[in-house]
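Now for the letters of each chain:
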Amino acid sequence: MSDMDTINNSILRELQTNGRISNLELAEKVGLSPSACLRRVQELERTGVIQGYRAVVDRNAVGGGFLAYITVGLSQHTKAHQMAFEKAMQRAPEVRECHNVTGTIEYLLRVEVADLAAYKHFHTEVLGTVPQVSSITSYIVMGSPKDQRA
């Protein structure tokens, strides 16, 4: 479905706000019959516009209350170094997001751990041992007044 009309955009906006909304309630909110709404949602899923549904979890409740964003520079700018670094980040459960970015660094990581001691362990014993890494800069999150990630 390449045609993203106002109804499809409304469906996506509602589902991003509440992925567990019933089809009946969703249909009412976007002004469709329940059957037409369900067909559109299924088509959005089939075509990959909707890639999945997730639970938003309270990090503190599951022992991941310490959040940091980390910029990482690589020692060499080769495909082999990138692939090796990305593989290492795939194996690190503390790394919740890994983005290859433009600018003066190569990667931006989102890391969740229990506390400062756990972060120090990750910084030193995990990230610090990856041979491709040449620079690490940490940004500790003190609060998140807006966070719309699903």
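Calculation notes
Residues numbered from 1 in each chain as written. Predicted model: local features only at pLDDT ≥ 70, side-chain atom pairs only at ≥ 80, totals over all residues. Heavy atoms only, no water. Pairing = 2+ DSSP bridges. Helix = DSSP H or I, 4+ residues; strand = E, 2+ residues; numbered from the N terminus. Axes fitted to C-alpha atoms, helices over the stretch in contact; angles between N-to-C directions. Buried < 20%, exposed > 50% of the residue type's maximum accessible area, 1.4 Å probe, protein only.

Points about the sheet that holds strand 2 (residues 95–100)
Paired through their backbone hydrogen bonds, the strands of a sheet run either parallel or antiparallel.
Part 1 of the argument: Pairing within the open sheet is antiparallel, and its four strands lie in the order 2-3-1-4. The sheet terminates laterally at strand 2 and strand 4 (133–140), the two strands that pair on one side only. For this sheet, the mean angle separating the axes of adjacent strands, direction not counted, is 20°.
Part 2 of the argument: Strand direction decides the pairing type here: strand 2 and strand 3 (residues 107–113), joined by five bridges, are antiparallel. Paired with Glu97 across the strands is Arg110, a residue of strand 3.

A look at the pairing of strand 3
Part 1 of the argument: Judged by how many residues are buried, strand 3 sits mostly within the fold: six of seven residues are covered.
Part 2 of the argument: Judged from the seven bridges that link them, strand 1 (residues 66–74) and strand 3 form a sheet pairing that is antiparallel. If you follow Ala68 over to strand 3, its bridge partner there is Val111.
Part 3 of the argument: Between strand 2 and strand 3, which pair antiparallel in sequence order, lie six residues; one of them, Gly103, sits at a positive phi of approximately 120°.

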